[in-house]
Amino acid sequence: MAVLQMALANIERVDIVTEETATRVFSFDTANEASVEAQVSAGTETELRVKNQILAQNITEDIVKGFNITLKDSTFAPDVFALVDGGTSTVADDEFQSYTAPVAGQVSARVKSTLIVYAAEKDYDGNSLSYTAFAFPHASGTPTSVSLKDGEFYAPSYTLKSRPSKGDSPMKIDRLPSLPIVVKAAGDLPESPVSGKTVILVGASGISGIPDTLAVGSIAKYNGTAYAAV
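Residues numbered from 1 in each chain as written. Predicted model: local features only at pLDDT ≥ 70, side-chain atom pairs only at ≥ 80, totals over all residues. Heavy atoms only, no water.

Q: Explain the overall build of the protein chain to me, and be specific about the residues and the numbers.
A: Per the secondary structure count, the protein chain includes one helix and 16 strands. Taking the principal axes of the C-alpha coordinates as reference, the protein chain spans close to 75 × 55 × 40 Å. For the protein chain, the proportion of its 230 residues judged to be buried stands at 32%. Looking at the protein chain alone, contacts between residues at least 24 apart form 55% of all its contacts between residues at least 6 apart. If you sum the accessible surface of the protein chain, you get close to 14,200 Å²; carbon and sulfur atoms cover 50% of it. Looking at the protein chain, you have 18 positive and 27 negative side-chain charges, and the mean spots of the two groups are 9 Å apart. (Helix = DSSP H or I, 4+ residues; strand = E, 2+ residues; numbered from the N terminus. Buried < 20%, exposed > 50% of the residue type's maximum accessible area, 1.4 Å probe, protein only. Contact = heavy atoms within 4.5 Å. Areas by Shrake-Rupley, 256 points an atom, 1.4 Å probe, with all protein chains shown as cover. Lys, Arg positive; Asp, Glu negative; His and termini not counted. Charge placed at Lys NZ, Arg CZ, Asp CG, Glu CD.)

Q: Break down unusual backbone geometry for me, with residues and values.
A: One non-glycine residue, K51, adopts positive backbone phi at about 55 degrees. Turning to its location among the elements, K51 is positioned in the loop between β4 (45-50) and β5 (53-59). Of the residues examined, K51 reaches a relative accessible area of 75% and is grouped as exposed. Residues other than glycine seldom take positive phi values, yet D94 does so here, at roughly 60 degrees. On the basis of relative accessibility, which here comes to 78%, the residue D94 falls in the exposed class.

Q: I'd love a proper account of the layout of surface pockets, names of residues and values included.
A: Looking at the largest pocket, its volume works out to about 390 Å³. What lines the largest pocket is a set of 18 residues, among which T114, A135, G217, S218 and I219 lie closest to the centre. Counting residues per element, the lining of the largest pocket draws most heavily on strand β10 (residues 128-141), at three residues. By residue class, the composition of the lining of the largest pocket is eight nonpolar, six polar and four charged. (1 Å grid on protein atoms, 1.4 Å probe; cavity = no way out; pocket = protein on both sides within 12 Å on 5 of 7 lines; lining within 4 Å. Points joined across faces, edges and corners; volume = space filled by probe spheres on them. Nonpolar A, V, L, I, M, F, W, Y, C, P; charged D, E, K, R; others polar.)

Q: Could you give an account of the pattern of salt bridges, with specific residues and numbers?
A: Here the idea is simple: oppositely charged side chains can pair when their charged atoms come close. Evaluated as defined, the whole model comprises six salt bridges. In this structure, R13 engages D15 in a salt bridge whose closest nitrogen and oxygen atoms are separated by 2.8 Å. With a relative accessible area of 13%, R13 lands in the buried category. Between E20 and R24 there is a salt bridge; the shortest N-O distance is 2.9 Å. According to the relative accessible area criterion, R24 is partly exposed, its value standing at 37%. (Salt bridge = Lys/Arg side-chain N within 4 Å of Asp/Glu carboxyl O.)

Q: For the environment of T144, give the residues involved together with the corresponding values.
A: By secondary structure assignment, the location of T144 is in the loop between β10 and β11 (157-162). Separated by 102 residues in sequence, T144 and A42 place their C-alpha atoms 28 Å apart. Look past the residues within four positions of T144 in its chain and what remains in contact with it is F81, V84, D85, S157 and Y158.

Q: I'd like to hear about the nonpolar core, residue by residue, with values.
A: With 20 residues, the main nonpolar core has V14, I16, F28, V80 and L115 as its most contacted residues. At the level of secondary structure, the elements contributing two or more residues to this core comprise β1 (8-18), β2 (25-28), β6 (63-73), α1 (78-85), β9 (113-122), β10 and β11. At four residues, the largest contribution of residues to this core is made by α1. (Core = buried A, V, L, I, M, F, W, Y, C linked by side-chain atoms within 4.5 Å.)

Q: Can you tell me about the pairing of β9, naming the residues and giving the values?
A: Along β9, eight of the ten residues are buried, which leaves the element largely enclosed by surrounding structure. The pairing of β1 with β9 spans eight bridges and is classified as antiparallel. Looking at β9, one finds that R13 is bridged to Y118. Remark: five residues form the turn of the hairpin made by β9 and β10, two consecutive strands paired antiparallel; G126 in that turn has positive phi of roughly 90 degrees. (Pairing = 2+ DSSP bridges.)

So, in structure tokens, the structure goes:
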């Protein structure tokens, strides 16, 4: 059987969708590197050996507990920094004012989020055929280090730990015809959507054109007549 192959390149965008009652989406296209490391509960191999003969083996398999995702950005985004580090960012009149880190020696109640990294599927001529979304649920940030160097732009590095609930998948990969539009209200929906247009629902349910069964924070695709969950 022929193997299906896709040529993926670049980080087209990163979305951090908070798992709060009032969902927020932090969307940025300046990330230049993302590494995903599986966190594994290692299995064991116990053998019954008598002299030069193995009579039996008792083997338990490796089990994935979740993933650690490290993102490297090209610019400083105070709101993203605050979400990951667990502190408070103050913005007034669309200008950054200050950031206060969590209190030293105390546990920070970091907001859990779904982290989505989009890569582009490239064609022979270099055009993007589609977008592949790598989604990691229930991700929470970790304390963020700062490294500054004279003559170079500050490039933050963020690490988030995705640990799904029992029975949930730790990673979901979807092929999307387009990068999703963030929908907070009915006015954010495209007036004349084409088949394949995708959206992320952020606003409360009940938006005309979006089915009530679509969960807030999920991705939906227009099938020609209506939006349906991916």
